[in-house]
Amino acid sequence: MNSDSASERVDTTKPHPARRYDYWLGGKDNFPADRESADAVAEAFPTVQLAAVENRNFLRRAVAYLTGEAGIRQFLDIGTGLPTAGNVHEIAQGIAPESRIVYVDNDPIVLVHARHLLDSSSEGRTAYLDADLRDPKHILDHPDLRSTIDLSRPVALMVVAVAHFMTDDQHPYELMRTLTDALAPGSYLVMSHATNDYMDEHDLERSAEANTRSGVPFRLRSSTEFAQFFDGFTLVPPGITAVTLWRPEEYRPHPRPEAVSMLGAVARIP
């Protein structure tokens, strides 16, 4: 893993979802093109920063549940994004130090900072793959994945705030099924996805126009469309819901679902 060559591949003229997300979370590893793209989205959806924060909180609760209650010790996190507080291995290994995590992202700048994702506990292990969700076979066959996690044992597949960047022509359901079909019985799928459930026709028009201006392909999906990713799987209660309402740890004032417009779910693979 050569971070020097990765830094040379960073294209600062085009926005990237990982860097845009970093901007919304208050990070510093983003560029003017990313900020311009993010601000274009925020014009139509002013609470997008709140959505990014609440989505990260959902990831944290899901990993804690899977490690602490479901007994999962292996995680495959695709679309990792830039390292931030509460990465998957920090959460999982804080509960079960022997946990093993494989991170995957396709932005060279994430690779530059991947050392922060590789500070595993001595009992566990982490790896980082410079790869793309749209090539699932490459991910599944990668030697670094195979040497880190055992696909014959349960794995939690994390695809959090990623699938909405796959338009229909990229066949997202088939790509996801290729990944889940490779996992052992008793594995889990964790997903969150931007939704149009809470938008009226005017909101949808503004969102579509903003996403076109942002330069990042984007596809909102309804709860019915989101549910198709989980066909044949057993949803963990409360099922498909707003990310803010998925197993909240304690009572606190929650933003309205329409302010976040993000669905989340965790499901067991038979």
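Note: the structure precedes this text.
This is a predicted model, so every value here is computed, not measured.

Criteria and thresholds
- Residues numbered from 1 in each chain as written.
- Predicted model: local features only at pLDDT ≥ 70, side-chain atom pairs only at ≥ 80, totals over all residues.
- Heavy atoms only, no water.
- Helix = DSSP H or I, 4+ residues; strand = E, 2+ residues; numbered from the N terminus.
- Rg over C-alpha atoms; globule rule 2.2 N^0.38 Å.
- Buried < 20%, exposed > 50% of the residue type's maximum accessible area, 1.4 Å probe, protein only.
- Contact = heavy atoms within 4.5 Å.
- Core = buried A, V, L, I, M, F, W, Y, C linked by side-chain atoms within 4.5 Å.
- Pairing = 2+ DSSP bridges.

Enquirer: Which parts of the structure should I look at to understand the overall build of the protein chain?
Expert: Per the secondary structure count, the protein chain includes 12 helices and 8 strands. Relative to a compact globule of 270 residues, whose C-alpha radius of gyration would be 18 Å, the protein chain shows 18 Å and is just as compact. Taken along its principal axes, the extent of the C-alpha atoms in the protein chain is 50 × 45 × 35 Å. A buried classification covers 51% of the 270 residues belonging to the protein chain. The long-range fraction of contacts in the protein chain, counting pairs at least 24 apart against all pairs at least 6 apart in sequence, stands at 75%.

Enquirer: Whenever I open this one, the nonpolar core confuses me. Can you help?
Expert: A general trend in soluble globular proteins is that nonpolar side chains are found buried together. Ranked by size, the top nonpolar core spans 38 residues in total, and within it V63, L66, F75, M158, V190 and V266 carry the most contacts. Counting only elements with at least two residues in this core, the list comes to α4 (48–68), α5 (88–95), β2 (100–105), α6 (108–112), β4 (156–160), β5 (188–194) and β8 (262–268). The dominant element in this core, judged by the number of residues it contributes, is α4, at 7 residues. Excluding residues that lie within four positions of it along the chain, V63 makes contacts with F75, V88, I91, A92 and M158. In this structure, I149, A163, L175 and L179 belong to the second largest nonpolar core, which totals 33 residues.

Enquirer: Honestly, the pairing of β2 in this entry has me stumped. Any pointers?
Expert: Looking along a regular strand, one sees side chains alternate from face to face of the sheet. In terms of burial, β2 is largely enclosed, as 5 of its 6 residues are buried. The pairing of strand β1 (residues 74–78) with β2 spans 5 bridges and is parallel. Bridged to L76 within β2 is V102. Here β2 pairs with strand β3 (residues 125–130) via 6 bridges, running parallel. Pairing of R100 across the sheet is with R125, part of β3.

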